[in-house]
Amino acid sequence: MDRNLTLNKQSSARRGLLTVEMLLTLPILLLAGLSLVQFSMLLLGSQAISAAAHSGVRQAALPGATIGSVRRSVDNALEGWSFKKNTQLLIFVNDQPVSKFPLDQARTGDKVSVTVRVGAVQVAPNALSLVGITIAGTDLQQTFVMRVE
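What you are looking at is a predicted structure, and each value in this text was computed from that prediction instead of being measured. (Residues numbered from 1 in each chain as written. Predicted model: local features only at pLDDT ≥ 70, side-chain atom pairs only at ≥ 80, totals over all residues. Heavy atoms only, no water.)

**Student:** Got a sec to walk through the overall build of the protein? Specific residues and values, please.
**Tutor:** Looking only at helices and strands, the protein has 3 helices and 4 strands in total. Tracing the protein from N to C terminus, the helices and strands come up as α-α-β-β-β-α-β. When each of the 149 residues of the protein is scored for burial, the buried share is 28%. Taking the intrachain contacts of the protein between residues at least 6 apart in sequence as the baseline, contacts between residues at least 24 apart amount to 67%. (Helix = DSSP H or I, 4+ residues; strand = E, 2+ residues; numbered from the N terminus. Buried < 20%, exposed > 50% of the residue type's maximum accessible area, 1.4 Å probe, protein only. Contact = heavy atoms within 4.5 Å.)

Structure below.
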């Protein structure tokens, strides 16, 4: 009978120890999980922005391209993404903004660049701000450069 009583005390102590271990490791695992989710969403968003900028510069390099046609090309590349409406599109011809050097006046060989920019918090939740790591105020952007055909 003493043996059963000793086993029960050890089992009870072991269960208590497992509970404490779980309470200590659970926040670390939660932080690792949130980090993984946030980083994955930022990486996927970055790839989408890169594809959109590439699509936009390919359109801008065509003869007769307009700001509207470049915007449509970028929007089409971002179809299905929740941050599509929050993107900023910058177009430059020979390092001059299109407000100073219109895209339809670009000649063969002129350098055209398209930049797509979006706030990081539009792409992924700012989940790690709970522990002091924030992506607020950070932008994801991608620029591609081509020559007009």
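Read on, since the account is not over.
**Student:** Run through the pairing of strand S1 (residues 88-93), naming residues and quoting values.
**Tutor:** Burial along S1 is one-sided: the residues Leu 89, Ile 91 and Val 93 are buried and none of Gln 88, Leu 90 and Phe 92 is. Where S1 lies against strand S3 (residues 111-119), 6 bridges are found, and the strand directions are antiparallel. Residue Gln 88 lies in a different strand from S3, and its bridge partner there is Arg 117. In this sheet, strand S2 (residues 96-97) lies alongside S1 in antiparallel orientation, the contact comprising 2 bridges. Bridging from a neighbouring strand, Phe 92 pairs with Pro 97 of S2. Linking S1 back to S2 in an antiparallel pair, the connection comprises 2 residues, with Asn 94 at a positive phi of about 50°. (Pairing = 2+ DSSP bridges.)

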